[in-house]
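Residues per chain, in single letters:
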Amino acid sequence: MRVLVVEDARPLAEVIAEGLRDQGMAVDVAHDGLDAAAKLDVNAYDVVVLDRDLPGIHGDTLCKMITERDGRVMVLMLTAAGSPGDRVSGLILGADDYVAKPFHFPELVLRIRALARRRPAARSRTLSAAGIELDAMRRTVSRDGHQLDLSVKEFAVLEALLNASPAFLSTENLLEQVWDEHADPFTHTVTVTISRLRRKLGDPPVIATTPGVGYRIINAVPPEGAAGFGD
């Protein structure tokens, strides 16, 4: 899941971003409306966490811009304006959810995940393939009934592959969805994470690699000459 945090209070923005990254989300940050609009033009986000009182482009204007775009992005307004009237006006603007500051961080995480599930064309919270069962809300994953202990990034990579299945995801796709805009495209972090994930998923292998194309989840070992399982 990729999230854009739009918050002009830099310390708060960084706290939110780091907390969401700890939950396995790819998070970008914008400190004003103009920067946020530029990032929205370049990157595909699942959820935007949006302050209202922003410099550059006001949060209300940005919210309307987002809701009028193709490829709908879900908007959670996170703002100090928390009166009932403020909430109503924010929802009228097109926000999908509204949380007043101060807020409880675990609740914010659950609300973001709930919005991502409500996004048009979003998948069910439970993803299944090749004996794997992944529950995105409970943050649990098992294979053939056995619970697996995955790191935050391993879980996020597996979730992205299951969401895309049976299609391929390239290294660039995974960097975009699981890491963030600061990820080094020349790093080996995807290869290393895939290797660790393969070991934890066990046999028979379920993550296939096609050089120059990417990775995908399969339900059976491919025949000789088909996509392989190497890094």
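Right above here is the structure, for reference.
In this text the structure is predicted, and so the values were computed from the model without any measurement. (Residues numbered from 1 in each chain as written. Predicted model: local features only at pLDDT ≥ 70, side-chain atom pairs only at ≥ 80, totals over all residues. Heavy atoms only, no water.)

As for the packing of helix α6 (residues 152-164) against helix α8 (residues 189-201)
One way to put it is that α6 packs onto α8 with a least axis distance of 10 Å and a crossing angle of 85°. Here α8 runs roughly perpendicular to α6, going by the angle between their axes. Note on element contacts: α8 touches α6 through Thr193, Ile194, Arg196, Leu197, Lys200 and Leu201, opposite Lys153, Glu154, Val157, Leu158 and Leu161. (Axes fitted to C-alpha atoms, helices over the stretch in contact; angles between N-to-C directions. Helix = DSSP H or I, 4+ residues; strand = E, 2+ residues; numbered from the N terminus. Parallel < 35°, antiparallel > 145°, perpendicular 65-115°, else oblique. Contact = heavy atoms within 4.5 Å.)

Structural notes on the nonpolar core
Counting residues in hydrophobic clusters, the biggest one holds 28 residues, and the most contacted among them are Leu158, Leu174 and Ile207. Mapped onto this core, the elements with two or more residues apiece are β6 (126-129), β7 (132-135), α6, α7 (171-178), α8 and β11 (214-217). A total of seven residues in this core trace back to one element, the largest contributor, which is α6. Sequence-distant contacts of Leu158, defined by excluding residues within four places in its chain, comprise Ile132, Leu134, Val141, Leu150, Leu197, Leu201 and Ile217. (Core = buried A, V, L, I, M, F, W, Y, C linked by side-chain atoms within 4.5 Å. Buried < 20%, exposed > 50% of the residue type's maximum accessible area, 1.4 Å probe, protein only.)

What about the sheet that holds β7?
Strand order in the open sheet made by the four strands is β6-β7-β8-β9, with antiparallel pairing throughout. If you trace the sheet from one side to the other, it starts and ends with β6 and β9 (146-147), each paired once. Inspection of the sheet shows strand β8 (residues 140-143) paired to β9 by two bridges, in the antiparallel sense. Residue pairing for β9: Ser142 is matched across the bridge by Gln147. Its contacts with the sheet place α6 against β6, β7 and β8, and it is angled at close to 110° to β7. (Pairing = 2+ DSSP bridges.)

What to know about the side chain of Arg52
Tracing the sequence through the fold places Arg52 in the loop between β3 (47-50) and α3 (59-67). A distance of 3.2 Å separates the side chain of Arg52 from the side chain of Ser89, its partner in a polar contact. Engagement of the side chain of Arg52 in a polar contact is seen with the side chain of Tyr98, the distance being 3.2 Å. Apart from residues lying up to four places away in sequence, Arg52 is in contact with His58, Gly59, Asp60, Met77, Thr79, Asp86, Ser89, Gly90, Leu93 and Tyr98. (Polar contact = N/O pair within 3.5 Å; in protein donor to acceptor, adjacent residues only side chain to side chain.)

Concerning helix α5 (residues 105-118)
Taking 1.5 Å per residue, 14 residues should reach 20 Å; α5 reaches 20 Å between its end C-alpha atoms and fits that length. Of all the positions in α5, only Leu108, Val109, Ile112, Arg113, Leu115 and Ala116 are classed as buried. An end-on view of α5 places all buried positions within 160° of arc, on one side of the element. In this structure, the buried residues of α5 make contact with β1 (2-6), α1 (10-22), β3, β4 (74-79) and β5 (97-100). (Expected span 1.5 Å × (residues − 1). Arc of directions from axis to C-beta.)

Here's the deal with the pattern of salt bridges
Tallied over the entire structure, the rule returns ten salt bridges. In this structure, the salt-bridge partner of Arg111 is Asp97, at a minimum N-O distance of 2.8 Å. Taken together, the positions of Arg111 in helix α5 and Asp97 in strand β5 put the pair 14 residues apart, joining distant regions of the chain. Taking the relative accessible area as the measure of exposure, Arg111 reaches 28% and is therefore partly exposed. For Lys200, the salt bridge identified is with Glu154, shortest N-O distance 2.8 Å. Of the two residues, Lys200 sits in helix α8 while Glu154 sits in helix α6, which places them 46 residues apart along the sequence. Judged by relative accessible area, which is 36%, Lys200 ranks as partly exposed. (Salt bridge = Lys/Arg side-chain N within 4 Å of Asp/Glu carboxyl O.)

Describing the sheet that holds β4
In space, the five strands of this open sheet follow the order β2-β1-β3-β4-β5, with parallel pairing throughout. Strands with a single pairing partner mark the edges of an open sheet, and in this sheet they are β2 (26-30) and β5. Across the sheet, the mean angle separating the axes of adjacent strands is 20° when strand polarity is ignored. Relative to β3, β1 runs parallel, the two sharing four bridges.

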